[in-house]
Amino acid sequence: GKAAGARAAAAHAGLLLATALPWALEGALGNTPQGSLGSLGSIASGLAGVMSKWVQVGGAGEALPQLATAALVVATAALTLLAGAERSVKTPEEKEDQPPSMTKSEAMRFPIMGSAVLLTLFLAIKFLPKQLLMACLGVYFALLGTVAIAATVLPFLEPLFPKPFTSIKVSFKWVSRLPKPILYVLDGLDEVEITLGELSVGLASAVFCGWYHVQRHWVANNAIGIALSIQGIEMLNLGSVQTGVILLCGLFFYDIFWVFFTPVMVTVATSFDAPIKLLFLRSVAPDTGEPKFSMLGLGDIVIPGIYLALLLRMDHIRGAIAAPTKRRSARKQKQRVGRYFPATFASYCLGLVATLVVMNVFNHAQPALLYLVPAVLGTTFVTALARGEVGFVFNWSEEDEDEGDETKKKTK
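Residues numbered from 1 in each chain as written. Predicted model: local features only at pLDDT ≥ 70, side-chain atom pairs only at ≥ 80, totals over all residues. Heavy atoms only, no water.

**Let's talk about the nonpolar core**
The biggest cluster of nonpolar side chains holds 78 residues, and the ones touching the most others in it are Leu81, Ile301, Tyr307, Phe341, Phe345 and Tyr348. It is helix H13 (residues 299-321) that provides the largest number of residues to this core, a total of 12 residues. Excluding residues within four positions of it along the chain, Tyr307 makes contact with Leu238, Val241, Gly244, Leu248, Thr344, Val376, Leu377, Thr380 and Phe381. Trp218, Val219, Leu279 and Leu281 belong to the second-largest nonpolar core, a separate cluster that totals five residues. (Core = buried A, V, L, I, M, F, W, Y, C linked by side-chain atoms within 4.5 Å. Buried < 20%, exposed > 50% of the residue type's maximum accessible area, 1.4 Å probe, protein only. Helix = DSSP H or I, 4+ residues; strand = E, 2+ residues; numbered from the N terminus. Contact = heavy atoms within 4.5 Å.)

**Topic: unusual backbone geometry**
One non-glycine residue, Arg216, adopts positive backbone phi at about 55°. Position of Arg216 among the secondary structure elements: in the loop between helix H9 (196-215) and helix H10 (218-235). One non-glycine residue, Asn363, lies in the positive phi region at around 55°. Secondary-structure assignment places Asn363 in the loop between helix H15 (341-362) and helix H16 (369-387). Judged by its relative accessible area of 72%, Asn363 is exposed.

**Looking at a nonpolar patch on the surface**
A cluster of nonpolar side chains, Val353, Val357, Val361 and Phe362, forms an exposed patch at the surface whose accessible area comes to about 400 Å². Along the chain, Val361 falls in helix H15. (Patch = residues over 30% accessible without salt bridge, like charges linked within 9 Å, V, L, I, M, F, W, Y side chains within 5 Å. Areas by Shrake-Rupley, 256 points an atom, 1.4 Å probe, with all protein chains shown as cover. Salt bridge = Lys/Arg side-chain N within 4 Å of Asp/Glu carboxyl O.)

**Let's talk about the packing of aromatic side chains**
Tallied over the entire structure, the rule returns eight aromatic pairs. Pairing Phe257 with Phe261 gives two aromatic rings, centres 6.3 Å apart and planes at 25°, and the pair type is stacked. With a relative accessible area of 63%, Phe261 lands in the exposed category. Taken together, the ring pairs connect Phe257, Trp258 and Phe261 into an aromatic cluster. Of note, Arg387 hangs over the ring of Tyr340, and the distance from its end group to the ring centre comes to 4.9 Å. (Phe/Tyr/Trp six-rings, centres within 6.5 Å; stacked < 30°, edge-to-face > 60°. Lys NZ or Arg CZ within 6 Å of the ring centre and 35° of its normal.)

**Some points on the environment of Gln98**
Position of Gln98 among the secondary structure elements: in the loop between helix H4 (92-95) and helix H5 (104-127). The spatial distance from the C-alpha of Gln98 to the C-alpha of Met235 is 6.9 Å, given a sequence separation of 137 residues. Other than its neighbours up to four places away in sequence, Gln98 contacts Lys90, Glu234 and Met235.

**So, H16**
Along its 19 residues, H16 runs 26 Å from first to last C-alpha, staying within 8% of the 27 Å computed at 1.5 Å per residue. Buried within H16 are the following residues: Leu369, Tyr371, Leu372, Val373, Ala375, Val376, Leu377, Thr379, Thr380, Thr383 and Ala384. Just past H16, the residue Gly388 takes up positive phi, approximately 70°. (Expected span 1.5 Å × (residues − 1).)

**Side note on the pattern of salt bridges**
Applying the stated criterion across every chain yields a total of four salt bridges. For Glu234, the salt bridge goes to Arg87, with nearest N and O atoms at 3.0 Å. In this pair, Glu234 sits in helix H10 while Arg87 sits in helix H3 (residues 63-87), placing the two residues 147 residues apart along the sequence. Using a relative accessible area of 12% as the deciding quantity, one classes Arg87 as buried. Across the salt bridge formed by Lys90 and Glu234, the nearest N and O atoms sit 2.5 Å from each other. Here Lys90, found in the loop between H3 and H4, pairs with Glu234, found in helix H10; they are 144 residues apart in sequence, far enough to count as distant. For Lys90, a relative accessible area of 19% corresponds to the buried category.

**Focus: H5**
The end-to-end C-alpha separation of H5 is 35 Å, in line with the 34 Å expected for 24 residues at 1.5 Å each. Where H5 bends most, at Phe110, the angle is about 35°, and the proline Pro111 comes one to four residues later. Three or more residues of H5 are buried, namely Ala107, Pro111, Ser115, Leu118, Phe122 and Ala124. Each element contacted by the buried residues of H5 is listed here: helix H6 (130-157), helix H11 (241-260) and helix H12 (264-271). (Bend = angle between axes of the 7 residues up to and from the residue.)

**Section: the confidence of the model for the chain**
For any part of a model where pLDDT is low, the fine detail of the predicted coordinates should not be relied upon. Taken as a whole, the chain shows an average pLDDT of 79; of its residues, 74% reach a score of 70 or greater. Low pLDDT (under 50) marks residues 28-61, which in the prediction has 41 contacts with non-local residues, meaning those over four places away or in another chain. (pLDDT = per-residue confidence, 0-100.)

**Focus on the packing of H15 against H16**
At their nearest, the axes of H15 and H16 sit 8 Å apart, and the two run at 150° to each other. As the angle between them shows, H15 and H16 are arranged roughly antiparallel. As for how H15 packs across H16, the hand of that crossing is right-handed. For the pair H15 and H16, the contacting residues are Ala343, Thr344, Ser347, Tyr348, Gly351, Leu352, Ala354, Thr355 and Val358 in the first and Tyr371, Leu372, Ala375, Val376, Thr379, Thr380 and Thr383 in the second. When the residues that make up the contact of H15 with H16 are grouped by side-chain class, the tally is nine nonpolar, seven polar and no charged. (Axes fitted to C-alpha atoms, helices over the stretch in contact; angles between N-to-C directions. Parallel < 35°, antiparallel > 145°, perpendicular 65-115°, else oblique. Left-handed = near helix turned anticlockwise from the far one by under 90°. Nonpolar A, V, L, I, M, F, W, Y, C, P; charged D, E, K, R; others polar.)

**Some thoughts on the pairing of strand E4 (residues 291-297)**
Sheet analysis places strand E3 (residues 277-284) next to E4, joined by seven bridges and oriented antiparallel. Paired with Leu281 across the strands is Phe293, a residue of E4. Linkage of E3 to E4, two consecutive antiparallel strands, is achieved through a turn of six residues, within which Gly289 is found at a positive phi near 75°. (Pairing = 2+ DSSP bridges.)

**Let's talk about a negative patch on the surface**
A surface patch of negative charge is lined by Glu93, Glu94, Glu96 and Asp97. Secondary-structure assignment places Asp97 in the loop between H4 and H5. (Lys, Arg positive; Asp, Glu negative; His and termini not counted. Charge placed at Lys NZ, Arg CZ, Asp CG, Glu CD.)

**As for the environment of Arg282**
Counting through the fold element by element, Arg282 comes out in strand E3. The class of Arg282 is partly exposed, set by a relative accessible area of 36%. Counting along the chain gives 12 residues from Arg282 to Ser294, while the straight-line C-alpha distance between them is 6.0 Å.

**Focus on the environment of Leu350**
Tracing the chain through its elements places Leu350 in helix H15. Remark: the alpha-carbon pair of Leu350 and Val74, spanning 276 residues in sequence, is separated by 8.8 Å.

Structure follows, in structure tokens:
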């Protein structure tokens, strides 16, 4: 509804601020790229100039920038997750265009497939020329980022377009006349029709992602990474709580194994200059001016995010089913029904804080899912236990609810 849209818009605005402020800070330190895009950093140069002194001080003063970076990590991850979860709440008409839900067998295979991809990337780093590898990945993520950014910002820009931008359609039927090898790659594009507004947003996104491919600036990396995360949370559907439990438990052990028992995960994360992770400015070397970053993998946002999005949709469906009665106000009814998303979302944030604390104490990379999975699953079922709803929550399925709604409509 309108409330969900407002919350999603607020989360997007917070993400924009969280992404822009570190860029302004880097601009004050002399590391922002030159040109029209780089000059954006000077807007907040006064504030950033003060912050830069905190970043560059040594000794006990290092605690302040570390806390600022940690706060930015938690805020960015939380707002990204919130934006994606709110966008995942669809109307019945919008649900028709959604991809099918993940099955339990697919959730079981997910850690195995993830391990295969991770190991393939690790071997590619070891045996392929780095320049070729980076070029191929850069093009791939530039194309992927173009689609993700366009899909993320389009709902906010579409109402602002003049009528011709929403009524004029652009088709790609000319693609069918291309040579067969190219047509094989662009299969299905000849059937696509988009509005002039969608085309304009897509072209603007392509220009931005092209700039990323050339400059590899960390702010562009974060913008693409955030868009990919929001789209992942919005579009990936677990379908049932049991599927979510299977997926999270499997990836819990996957993350622990590849981080603690092999160098594979850390090597891939630190070697690939691609938006598979978010970068947060931690400090700047006083002598060289080279920035140092903290990292957060997109999987640490998307994987818990799709589970939390499922809980949010469960809350919405239960709220819709349990309509207020004459004797019971809407507020009391909501309290009676109970909501699982707020408490679980708070536990996700606390799990991230725990990850950052342990990482700084031991000065070693940590598998974030080691802390996030127990936090979100534990909170879900402790809350359910307190409400006497463990069986209901564990067996809850979105498909069953949809089938129930269809049955009610037919009986009416």
